[in-house]
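Now for the letters of each chain:
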Amino acid sequence: MAAMQTQTQPVPVTGLPSRDGISETKKIPLVGHIITDDDLGILQGTVLKPVNLNRVIKLLTDQHSAMLYDRHCNVLKKLVRRYEKGFLMKELVQVFKLLNICADRVEEQPLYEQPIIELLMICSLPFLKEKSSDEMVYEQIVVESVSQLGYLMRVPSSDVRKQICKTLYCFYTEAPQNQIVQKHKAMTVAYNQMIVENSDISETLVKSLALLDSDLDVKQEVLKVLQRFSKNSPKNCDQMLRADGAKHICYRFMDPDPSGEVLFRSVDIIWNLMEHGDTAQIAQQLNNLTCISQIRDAFLFELGQGFSHYDRQLRNDLLVIATLIAAKCPGTPFIETGFSKQLVVFATFQEVKSHNVLVKHLKLSTNHEDFEMKKLLFSLLVALSNDSSVIPILSEGHLLLALFSYVRANDETPGVREWTHAQFEEIQLHAMSCLCTLCPLMMEDYMTCQGSTRLLLLLEWCVGPDDFKGHGNSFHGSGGRGSKKAQMRHCLRLMRRIVSTDDSVALQDLADQGAINQLIGILTTAFGEKRMDDGVDIEMQSDILFILSSLCDGDMHRKELFGNQGVDIVVQYLQMDTKLLNSGLGHHRLLLAAIDCAWCAIVGCYMTEDYFLEREGVFLLIDLLEVCPKNMHNLIVGCLLDLCENTKTVNHVLTWQGKDNSTAAHLFCEIWRNEEREIGARRDELGSIIDARHPLMGRMQEELGVISLPAKYKSQAIVDVLENMRAKIYSIFCKIGFAELPGLDVADHVTLTMIEKYLDFKIGEVWTETINELEMEHIRPVSPDLEALEAISRAVEERAQIVGGTQIELLEAQRNQDILDEQEFYAEIRENHRQKEKALIDFTDFVTRTSNFIILKAAKNRQEIAIDASRIQTKYRDKQNFHNTDIPGLHTTVFSGKNVDIDSTPHKLITQLLDGTNVEQVQRKCIIPKHLTM
C-alpha cells in the first residue's frame, strides 16, 4: 500500500511589501512526493535480484573462457540461488539458451549435469511476470520454452530425464504455496496448462519413448506425465496421436516391469485417448500384429496371474480397447495372433465344456468385475463377427450354444457360484442382443441349437402368469422394470432378425412350432386391452406383425393358419387414429407393419380375403390412403392393387366415399397428379400435356438424359416405373375400369385420359430411349428396323397429340358448361326479381281497392265475371237448385268466411298511439262481422 504524506517546503513568493518597504519571500506548503510501500518497507515476499544472463552466456560460450568449467558451475549455482523463486518470463530465452549449452556439454563434462537438474527444478515453478500484459506479450516465448523442455530429453542422463518429467508434471498440475516475490506475480496453473497444450511437448515425449527401452524408471516417469497430460485435454491427445502415441505406447505393454506400473499407465493413457481423441485414428494405429499380440499377452497375463480388484479392472480395460479395434477395423489380425480363438474359449468355458489348458484352472466368481468381463467378451466377439473369416472360429467354439443357454426362464433359485437374479437378467438380455447379430450369420448353428423352440418357450414364459420382478437396471432392460417386458422385447427382436434372413428352413421350423398361432394369441391377449401409449409396447407389436408377415408371405397354408382371428387383429390396427402418427412413439411403424401384414398374410388367400372384405378392410385402406402421409401411399396402393385381383374388391372400391363425398377414382386421380407434380412432369395449369414427344418424362429424367448402359442395367424409363406410383394407379384403373366412374370432375377426366394411355406412352418412351442410344453409339439399324422405329416414334407422338386434343375438348366442354350454368343462374336471379315486382304490383292494387270504393266495385265485378266464365253452365243461377253462397252486402274481392282478419297497424305502434287504451279492445275490434262491408 502506498501512503500519501505532505511536507512543508519553502516556495518563494515575491511582491509582498515589508515594514521597511522592501519586498520579501513567503513560504507556502505544497505536496512534495508519494511514499510507496517500498519506502515504508512493508512489501511481502523475496526480493528478486536479476542476473545479467547475457554475461553468463558469454562466459560459457566465449573461446577464452569455454574451458573454465569450475567457474561455470559456480556461476550457475549463483544463478540458481538468485532465481530460486522462479524465472522471469522476459528472460526465458536466455535461460533455455543456457540449458541447451549445458545439455550439449554433458557427455564431455558430467559437471554440468547437476546445474541442469537445479535449473530444471526452478522451471517446475510458474514463471514470473512484472505486468499483466506479460502473459500476452511473452506467450509465444513461453510456449517455445516449454517445447525446449521436451527437446532436452536427448540428454543421455537418467537423472536429467527424470527431472524433466517431474518439472513438466509440477508445471502442469501444482501451484506452489511460497512463491511470493516482490513486484512480481506467478502465473496460474490454468495458464500453464494452456501453454502446454499449445506447445508440442506431448508429441515430443511420445517420440522420446524410443530412447527409453532400457531405462524403466524414466519410462515410468514419462508415462506418468503423458497420463496426466491426456486426462482432460483433447489438444494433448491430438498431439500424441499425431506422433502415433497409441501405437508406441501399446508396443510397450509387456516390457519387463516388476511393479506393473507401465501396463497400468499405458492402458490409462490409451483410455484417455479413446475418450478425448479420434477413436478411428486410435484403432487404425493399433491395427497391426504387434499391438494385437501385446494386448493378447497383457490380457492373458492379467487373467491368469491377476487376482486383485485392480487386476480385474485392468483386464476389462484391455477388452474394451480390443473391442474398439475390432469395431473400427474389421480386418484386424485377431485370427493371425490366435487371440480370437482364445476369446471364444474364455467366453464359453462356463456354458460349454472345454478341455483347453487356458481354462483348466480358470475360475470366475460373481463379483462385478468378472460379470463385466463376461459381457465384454460377448461384445468383443460380436464386433469380431464383422470379419467373415471369424465366423468358422465362433462356430467351432459353440458360441451360439453358450449364448442360447441364457435364453430360458429366470425363475430358478441361484446357486452359490451362479449369477444372481439381477445379474442373470442383465446377461440374458445382453446375450439375446448378441444373438440378434450372430444368428443371421450362423444359421446352421441356430438350427442345431434348436433356436426356434427356445425362443417360443421363452416367449410363452414372458406372457405367462408366472410372477417375475425384473430389475431392468441394464441398458438392454430399459422399459422393463417390474415385468418380463424386456425379455419379451429382445425375444421378438431376435425372431424378427431370424425371419428377415428369408431362410426357408428357419421359417418352416418356426411355423411348425406353432409360432403363428402363438403370436396371434399374444396380440389378442397381451395387447388387446392396453393403450398404445408406450413406446416399448408399440415396438413389440410392430415386431410381431412383421414376423407374421414374413412367415405368411408366399405360403398359402400359413395364410390359412393366420385365419379370421388374424384378420380381426389387422383390421383393429387399421382402425388406428391417424393423429397418433406424429406422437413420436412409433405408431407410424405400427401402422406400416399392419398394412404389410395385410398384404403378406391376407392377400392371396380367398378365405382370408373374403373375411377381410366382410370386415370392410378395403374401406379402411382407402381411408388411410386419404389421410396418411405420402410415404405410406406406395404400400397402401400396392396392397389395394393385389386385392383387386379378387373381383369382389372392385365393388368395394367403387362404393367407397370419403370426405366431401369424394370417390376412390377421384382420390387415385389426385394421387396421380401429386406424383406428376413431384417428379416435374411437363403439364400446363389445367393438367393437359405440353410435350407430345415426352408425355411421361419428369424433370430428373430429363436432366439425366439418355445414357448408354449395358443390357443388364435398367434405363431411366424403367427406373421411373419403380420410383413412383403411376404404374400401380394405372393397374388399379385397369381393374375398376376407365368409364362410368362416379364422382369425377373435369380435372379427373383430363387426368384419366392420361392414365388410360400410360402403358402406350411408357412403351413409346422405352423405344425412344432405344433409338437415342443407338444414335449415341453410332449404330444404324437395318432399313426394315429403321422404318419400324420411325413408325413407332410417329405413333407415340400422334397418340400423345390425340390425348392432348381430347383433354382440350374436355376442358372446352367444361368451359361451355360453366358459361351455360352461369346464364341459368342469371335467369334465376331475374325470375326472382320478377316475382318481387309482381308482389309489389299486387300490394299496390290492394291498397288502391281499399282506398277507392269505385275501383273496389269494379274489381268485384271482374271477379264475378271471372267466376262465371270458369263455369261450364252459363245459366246456372236460373235453376231451382241454385244456392247463393255470397254474403249479401259484402264488398270484398276475396272469398270471405264468418270472420275476416285484416292487416292493421303494428301492435307496438297501436299501443303508442292509444296512450294507454285497452289493447284487448283494439284487438277485438279487428274481428269484423260478416255483414260488415268495406
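Residues numbered from 1 in each chain as written. Predicted model: local features only at pLDDT ≥ 70, side-chain atom pairs only at ≥ 80, totals over all residues. Heavy atoms only, no water.

Things to note about the overall build of the chain
A count of helical and extended segments in the chain gives 44 helices and 4 strands. Considering the chain as a whole, with its 934 residues, one finds that 44% of them fall into the buried category. Taking the intrachain contacts of the chain between residues at least 6 apart in sequence as the baseline, contacts between residues at least 24 apart amount to 76%. Carbon together with sulfur atoms contributes 52% to the accessible area of the chain, which is approximately 50,100 Å² in total. (Helix = DSSP H or I, 4+ residues; strand = E, 2+ residues; numbered from the N terminus. Buried < 20%, exposed > 50% of the residue type's maximum accessible area, 1.4 Å probe, protein only. Contact = heavy atoms within 4.5 Å. Areas by Shrake-Rupley, 256 points an atom, 1.4 Å probe, with all protein chains shown as cover.)

Thoughts on helix α41 (residues 783-851)
For α41, with 69 residues, the first-to-last C-alpha span of 102 Å sits near the 102 Å given by 1.5 Å per residue. When α41 is considered as a whole, its buried residues turn out to be L789, V796, A800, V803, G804, Q807, L811 and R849. Tucked into the core, α41 has its buried residues touching α39 (746-756), α40 (758-776) and α42 (853-870). (Expected span 1.5 Å × (residues − 1).)

A short note on helix α7 (residues 139-151)
For an α-helix, 3.6 residues make a turn, and residues three or four places apart therefore share a direction. Taking 1.5 Å of rise per residue, the 13 residues of α7 would be expected to cover 18 Å, and the 19 Å separating its terminal C-alpha atoms lies within 8% of that figure. Residues of α7 that are buried: V142, V143, S145, V146, S147, L149 and G150. Considering only its buried residues, α7 is in contact with α4 (92-105), α5 (113-123), α8 (158-173), α9 (189-198) and α10 (201-208).

Regarding a negative patch on the surface
A contiguous patch of negative charge, built from D818, D821, E822 and E824, is present on the exposed surface. By the secondary structure assignment, E822 is in helix α41. (Patch = residues over 30% accessible without salt bridge, like charges linked within 9 Å, V, L, I, M, F, W, Y side chains within 5 Å. Salt bridge = Lys/Arg side-chain N within 4 Å of Asp/Glu carboxyl O. Lys, Arg positive; Asp, Glu negative; His and termini not counted. Charge placed at Lys NZ, Arg CZ, Asp CG, Glu CD.)

Some points on the packing of helix α18 (residues 339-348) against helix α19 (residues 368-384)
In contact at an axis separation of 9 Å, α18 and α19 are set at 140 degrees when each is read in the N-to-C sense. Considered as vectors, α18 and α19 are oriented oblique to each other. Seen from above, α18 lies across α19 with left-handed handedness. Where α18 approaches α19, its residues S340, L343, V344, F346, A347 and T348 are matched on the opposing element by K374, L377, F378, L380, L381 and L384. The residue inventory of the contact of α18 with α19, partitioned by class, reads 9 nonpolar, 2 polar and 1 charged. (Axes fitted to C-alpha atoms, helices over the stretch in contact; angles between N-to-C directions. Parallel < 35°, antiparallel > 145°, perpendicular 65-115°, else oblique. Left-handed = near helix turned anticlockwise from the far one by under 90°. Nonpolar A, V, L, I, M, F, W, Y, C, P; charged D, E, K, R; others polar.)

Focus on the pattern of salt bridges
Applying the stated criterion to the full structure yields 36 salt bridges. For K375, the salt bridge goes to E372, with nearest N and O atoms at 3.5 Å. You can see K375 and its partner E372 sitting in helix α19, 3 residues apart, about one turn around the helix. You can call E372 partly exposed: its relative accessible area is 22%. Between D537 and K485 there is a salt bridge; the shortest N-O distance is 3.6 Å. Residue D537 is located in helix α28 (residues 535-552), and its partner K485 is located in helix α25 (residues 485-500); the two are separated by 52 residues in the primary sequence. Three or more residues joined by partner-sharing salt bridges are found here, namely E676, R683, D720, R726, K762 and E765.

Details of a nonpolar patch on the surface
A surface patch of nonpolar side chains, about 490 Å² in accessible area, is lined by M700, L704, I707, L709 and Y713. Structurally, the position occupied by L709 is in the loop between α36 (699-704) and α37 (716-723). Look at L709 and you get partly exposed, because its relative accessible area is 34%.

Some remarks on the environment of L856
For L856, the position within the fold is in helix α42. According to the relative accessible area criterion, L856 is buried, its value standing at 7%. Separated by 36 residues in the primary sequence, L856 and T892 place their C-alpha atoms 7.4 Å from one another.

Topic: the packing of helix α2 (residues 53-61) against α4
Their axes nearest at 10 Å, the elements α2 and α4 cross at an angle of 20 degrees. Overall, the two elements α2 and α4 adopt an arrangement that is roughly parallel. Once α2 is placed against α4, the crossing between them reads as left-handed. Taking contact as the criterion, the partners of L53, N54, V56, I57, L60 and T61 in α2 are, on α4, Q94, V95, K97, L98, I101, C102 and R105.

Quick look at a positive patch on the surface
Taken together, the side chains of K49, R55, K58, R71, K77, K78, R81 and R82 make up a positively charged region of the molecular surface. Secondary-structure elements contributing two or more residues to the positive patch are α2 and α3 (69-82). For the positive patch, the element with the highest residue contribution is α3, accounting for 5 residues. Locating R82 in the fold gives a position in helix α3.

Focus: the packing of aromatic side chains
Taken as a whole and judged by the stated rule, the model has 17 aromatic pairs. Centroid distance F264 to Y310: 5.5 Å. Interplanar angle 55 degrees. Geometry classified as tilted. Of this pair, F264 sits in helix α14 (residues 261-276) while Y310 sits in helix α17 (residues 309-328), and the two are 46 residues apart along the sequence. Judged by relative accessible area, which is 35%, Y310 ranks as partly exposed. Ring pairs connect the aromatic residues F668, W672, Y730, F733, F738 and Y758, which therefore count as one cluster. We note K224 situated over the ring of Y169; from NZ or CZ to the ring centre the distance is 4.7 Å. Directly above the ring of W461 sits K484, whose terminal nitrogen or CZ lies 4.8 Å from the centroid. (Phe/Tyr/Trp six-rings, centres within 6.5 Å; stacked < 30°, edge-to-face > 60°. Lys NZ or Arg CZ within 6 Å of the ring centre and 35° of its normal.)

Details of unusual backbone geometry
The phi angle of most residues is negative, glycine excepted, and most peptide bonds adopt the trans form. In this structure, H398 takes a positive phi of about 55 degrees despite not being glycine. What makes H398 partly exposed here is its relative accessible area of 43%. At E616, a residue that is not glycine, the phi angle is positive and equals roughly 60 degrees. Secondary-structure assignment places E616 in the loop between α31 (606-614) and α32 (617-627). Judged by its relative accessible area of 45%, E616 is partly exposed.

Observations concerning the nonpolar core
F253, F299, L400, L574 and F733 are the most contacted members of the largest nonpolar core, which has 236 residues in total. No other element matches the 10 residues that α19 contributes to this core. (Core = buried A, V, L, I, M, F, W, Y, C linked by side-chain atoms within 4.5 Å.)

Details of the confidence of the model for the chain
Detailed reading of predicted coordinates is not advised where the pLDDT is low. Per-residue confidence for the chain averages 83 on the pLDDT scale, and 86% of its residues sit at or above 70. Every residue in residues 1-23 scores below 50 in pLDDT, and together they form 39 contacts with partners more than four places removed in sequence or on other chains. Between residues 916-934, whose pLDDT stays under 50, and residues either more than four places distant or in other chains, the model counts 29 contacts. (pLDDT = per-residue confidence, 0-100.)

So, the side chain of R315
Structurally, R315 can be placed in helix α17. Among residues more than four places away in sequence, those in contact with R315 are F299, E302, L303, E369, D370 and M373.

With respect to the environment of S500
Secondary-structure assignment places S500 in helix α25. The spatial distance from the C-alpha of S500 to the C-alpha of P440 is 8.4 Å, given a sequence separation of 60 residues.

Notes on the side chain of D370
Position of D370 among the secondary structure elements: in helix α19. The contact partners of D370, leaving out residues within four places of it in the chain, are R312, R315, L364, S365 and W419.

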